[in-house]
Amino acid sequence: MDKKAYTILVASNRKGVTKAVTLSSAWLKASVAILAVLAVIGSAAILDYVGLLLQTAENKRLKAESLQLRRQFRMVESKSLKTSKRVWIGFRVF
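Calculation rules
Residues numbered from 1 in each chain as written. Predicted model: local features only at pLDDT ≥ 70, side-chain atom pairs only at ≥ 80, totals over all residues. Heavy atoms only, no water. Helix = DSSP H or I, 4+ residues; strand = E, 2+ residues; numbered from the N terminus. Areas by Shrake-Rupley, 256 points an atom, 1.4 Å probe, with all protein chains shown as cover. Buried < 20%, exposed > 50% of the residue type's maximum accessible area, 1.4 Å probe, protein only. Pairing = 2+ DSSP bridges. Patch = residues over 30% accessible without salt bridge, like charges linked within 9 Å, V, L, I, M, F, W, Y side chains within 5 Å. Salt bridge = Lys/Arg side-chain N within 4 Å of Asp/Glu carboxyl O.

Explain the overall build of the chain to me, and be specific about the residues and the numbers.
In terms of helices and strands, the chain carries one helix and two strands. Helices and strands appear in the chain in the N-to-C order β-β-α. Total accessible area on the chain is roughly 9200 Å²; 65% of this is exposed by carbon and sulfur atoms.

Structure representation (structure tokens):
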């Protein structure tokens, strides 16, 4: 059985020291598989987080719009009540 091994060399520019790491093909394949799974999980987490940020922004916008509409409704309602009181008073007089 032929066991393949891969050697990774890390060389420093300043000190001139070279380090070598030797990995068997099984460890290398397992490491790549684990990194791929972690990349998929990380991507899903980032997408979920971005979705939550967008929802938060939309909620803030909708709350501001709701507050503005409430204020407008109160203003129209108060004008309407004043007008209806005038009309009611007008009918009572006649």
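Next comes the rest of the description.
Provide a residue-level description of the pairing of strand E2 (residues 18-24), including the pertinent values.
Counting buried positions over the seven residues of E2 gives zero, only a small fraction of the element. Two strands pair when backbone bridges link them, and strand E1 (residues 5-11) and E2 are joined in this way by seven bridges, in the antiparallel orientation. Bridge pairing in E2 places Ile-8 opposite Val-21. Count of turn residues in the E1/E2 antiparallel hairpin: six residues, of which Gly-16 carries a positive phi of about 75 degrees.

Can you lay out a nonpolar patch on the surface for me, pointing to particular residues and giving the numbers?
Taken together, the side chains of Ile-46, Tyr-49, Val-50, Leu-53 and Leu-54 define a hydrophobic patch exposed on the protein surface, amounting to about 520 Å² of accessible area. Tracing the backbone through its elements, the reader meets Val-50 in helix H1 (residues 25-93). For Val-50, a relative accessible area of 39% gives the class partly exposed.

Give me the lowdown on the pattern of salt bridges, citing residues and values where you can.
Applying the stated criterion to the full structure yields one salt bridge. Here Glu-65 and Arg-61 are joined by a salt bridge, their closest N and O atoms 3.6 Å apart. Of the two residues, Glu-65 and Arg-61 are both situated in helix H1; the distance of four residues between them amounts to about one turn of the helix. Judged by its relative accessible area of 36%, Glu-65 falls in the partly exposed class.

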